[in-house]
Every structure is written in C-alpha cells, then in structure tokens.
Amino acid sequence: MKTYLILIFSILLFSSCNKDIKKTENLSPLIDYQYLIQTNNDFKIPTETYKIRYKSDGLEITGYLTKPKDLQKYPTIIYNRGGNRDFGTFTPKSLIYQQYLASNGFIILSSQLRGNMHSEGEDEYGGKDLNDILKLIEINKSLKFSNQNIGVYGISRGGLNAYQISRLTDEIKAIAVVGAPTDPRLDFDTRPEMYEKVLKELVGDTINFKKEYDYRSPIKWVNEINEPTLILHGSDDWRVKPINAELMIEEMKRLNKEFDYQIVENGDHGLNTHRNIRNEKVINWFKKYLK
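Novice: Can you walk me through the packing of helix α3 (residues 130–141) against helix α4 (residues 157–168) in this structure?
Specialist: The angle between the axes and the distance between the axes are what describe a pair of packed helices. Contact geometry of α3 with α4 gives a least axis separation of 11 Å together with a crossing angle of 65 degrees. Along this stretch, α3 crosses α4, giving a crossing that reads as right-handed. Residues Leu-130, Ile-133, Leu-134 and Ile-137 of α3 form the contact with α4, whose own contacting residues are Asn-161, Gln-164, Ile-165 and Leu-168.

Novice: Looking at this structure, I do not really get the side chain of Ser-103. What am I missing?
Specialist: Relative to the assigned elements, Ser-103 resides in the loop between α2 (92–102) and β5 (107–111). For Ser-103, a relative accessible area of 2% gives the class buried. Among the polar contacts made by the side chain of Ser-103, one reaches the main-chain carbonyl oxygen of Tyr-100 at a distance of 2.6 Å. Contacts of Ser-103, omitting those with residues within four sequence positions, involve Phe-43, Lys-44, Ile-45 and Thr-47.

Novice: Hey, could you run me through the packing of aromatic side chains in this one?
Specialist: The geometry of an aromatic ring pair is captured by two quantities: the separation of the ring centres and the angle between the planes. Evaluation of the coordinates by the stated rule reveals 13 aromatic pairs. The interplanar angle of 85 degrees and the centroid separation of 6.4 Å between the aromatic rings of Tyr-64 and Phe-90 together place this pair among those described as edge-to-face. Pair noted here: Tyr-64 is in strand β3 (residues 59–68) and Phe-90 is in the loop between β4 (74–80) and α2, with a separation of 26 residues, a long-range link. The rings of Phe-43, Tyr-64, Tyr-79, Phe-90, Tyr-97, Tyr-100, Tyr-153 and Phe-286 are connected pair by pair, giving a single aromatic cluster. In this arrangement the basic side chain of Lys-291 is found over the ring face of Phe-106, its NZ or CZ atom lying 4.8 Å from the centre.

Novice: How should the pattern of salt bridges be read in this particular structure?
Specialist: A side chain of one charge can pair with a side chain of the opposite charge if their charged atoms are brought near each other. This model, assessed by the stated rule, comprises 18 salt bridges. The residue Arg-114 makes a salt bridge to Asp-132 at a minimum N-O spacing of 2.7 Å. Of this pair, Arg-114 sits in the loop between β5 and α3 while Asp-132 sits in helix α3, placing them 18 residues apart in sequence. Residue Arg-114 is classed as buried on the basis of its relative accessible area, which comes to 4%. Among the residues examined, Asp-132 registers a relative accessible area of 0% and is labelled buried. Note that Lys-241 is salt-bridged to Asp-189, the shortest N-O span being 2.9 Å. Linking Lys-241 in the loop between β8 (229–234) and α7 (243–254) with Asp-189 in the loop between β7 (174–178) and α5 (192–202), this pair joins segments that are 52 residues apart in sequence. The exposure class of Asp-189 is exposed, given its relative accessible area of 60%. In this structure, a network of salt bridges that share partners links the residues Asp-183, Arg-185, Lys-210 and Asp-214.

Novice: Would you mind showing me how to read the sheet that holds β4 here?
Specialist: Strand pairing within a sheet occurs via backbone hydrogen bonds; the two strands may be parallel or antiparallel. Spatially, β1-β2-β3-β5-β4-β6-β7-β8-β9 is the arrangement adopted by the nine strands of the open sheet, whose pairing is mixed. Edge positions in the sheet fall to β1 (31–40) and β9 (259–264), since each has one partner strand and no second. Strand-to-strand twist of the sheet, defined as the mean angle between neighbouring strand axes without regard to direction, takes the value 20 degrees. Bridge analysis of β8 against β9 gives six bridges, and the strand direction is parallel. Counterpart to Leu-232 in the pairing with β9 is Gln-262. Along the sheet, α4 contacts β4, β6 (146–155), β7 and β8; its crossing angle with β6, the most-contacted strand, is approximately 135 degrees. Sheet strands in contact with helix α8 (residues 275–290) are β4, β6, β7, β8 and β9, and its direction is about 150 degrees off that of β6.

Here is what the cut-offs are and how they apply
- Residues numbered from 1 in each chain as written.
- Predicted model: local features only at pLDDT ≥ 70, side-chain atom pairs only at ≥ 80, totals over all residues.
- Heavy atoms only, no water.
- Axes fitted to C-alpha atoms, helices over the stretch in contact; angles between N-to-C directions.
- Helix = DSSP H or I, 4+ residues; strand = E, 2+ residues; numbered from the N terminus.
- Left-handed = near helix turned anticlockwise from the far one by under 90°.
- Contact = heavy atoms within 4.5 Å.
- Buried < 20%, exposed > 50% of the residue type's maximum accessible area, 1.4 Å probe, protein only.
- Polar contact = N/O pair within 3.5 Å; in protein donor to acceptor, adjacent residues only side chain to side chain.
- Phe/Tyr/Trp six-rings, centres within 6.5 Å; stacked < 30°, edge-to-face > 60°.
- Lys NZ or Arg CZ within 6 Å of the ring centre and 35° of its normal.
- Salt bridge = Lys/Arg side-chain N within 4 Å of Asp/Glu carboxyl O.
- Pairing = 2+ DSSP bridges.

Written out as structure tokens, the structure reads:
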C-alpha cells in the first residue's frame, strides 16, 4: 500500500510539471529518450530540465539533465540521489534544487538509479547500480555544451555513492558529500531497522557479506579517494551519525588528502535546516575545481 501511494503521489506531482513537455534536438546518442519537461526562469540564469532514459547494463534507466538555457559551455555536476528503491527518488521539488544548482553555471546530470518505479533492475545500494552513475560520465562526454570538467555530489546514500565513484574512475575532478555514511555498520545500534529492512535485503547480512559491506564503507579505502573532497555533516543528524564524517575527516588528515569540511552545529540530515551554508559551500567548491 505504501509503495502504491508513493507511485500515485509521484505521478500527480510530475503531471504538474509536464505542461511544458516538448520534444527537442537529440542531446546525446547515448540517450534513448528525452523530453524538455520544464523551463525555470525564477533563478538568475534560466534553466531547462530534460527527462531522459538511457541504457545501463541493458536496463532502461530514468534520469534528468538540467542546464542553463544559453549556449555557453559549462562544467557538469553529477548529483546522486539518496534513499533506496522508491524512497528518495527524485520529485519535482528535488528537480527544483537541481535547477538552482544549474543556475549557478553548471550542467546537472542525475539518475533515479535501477530498482524503483522509474527504472528497471534491482537496487543494490552501491553495487551494480554504480554503473548507472558511471554511464552519466559517458553521456557527458557526448554533450556539446559541456566543458568536460565533472564533479560528483551526493546527499546521504548519494554521498556514499560519490565516494564510490571517486574510487572507480579518474574522470572526475572533485566530489562533495552531505550526511554521507562512511561505514553503514556505524549506525546499526541507533537504526536497527536500516539494517533489517534495507541493507540486509539489498546487500545481505554482515557475516556472510562482509566484503560487500567493506565495498560500501569509504572509511576502509580513503587512500583510494584522490579528488579534492568536501565533507559536510549536521551535528544533529540522527539518520547518519556525525561519527561517519568525523572518522573520515581524521583519516583524510592523516593521509594528507586535499579536502575541506564542516560539521554544522544543530544541522539535520542533509542540512535542510542550513540550506544556505550547504549550498554556498557546495557551489563554491565546484566553482573552485571545475570552472
């Protein structure tokens, strides 16, 4: 019933932003389907948002491309979603955030990932679904309006995925994470339901699938993260405890990595309580390394 309600809610929301739908010139040969779903003139640089579909491991994946309306070339931010399965998929509200980021002079590419109401396949919470993000890097190479400088940004699970993508490719120049888990096992005592209802179902138990958990634990392989990294976390984050960021910060310092960080006092998960701090830090970070 919960999944059904989410589906109905999502359809209703997306129908409200589909008034501007029209087919446009093909953006990339790697995109199978595209529609311009919204033009936003509310920010300092007007933006266009396209709904796209593309193939990843033979699966049909839904994503979004948002860019400034003008004809200049811009750097790209791959924005990774949080949540799992249907929970945390992009909605019109989260697309507005992507439009805000784009209005600061970026192309924004994002994926619903596999294993939800929008895309085929099964969610592995940082397993083969990473290929859905890596495919966005390939798509970006074919965009004539990209200057080919790429950053990766993620909140919560999206932050974990940003760390993982950093490990898997040398084709990005910077990453930024907000409220990112650095070892999901750190939160089991305060969120046992996360283990039982999400990770155990999508990854497996921690005894028989220890390697899979290590693969999803950036704190285990900080030495493999080579891009300049921005770490932001809220001190009151109850979903992903601040210890996740604190341990990563200590290890980054020990390894003399290029990074910056802030544990925001009274900040919640995703720093929605401190959007101005979060947005300014993230935008300035990517302007520094991508422009």
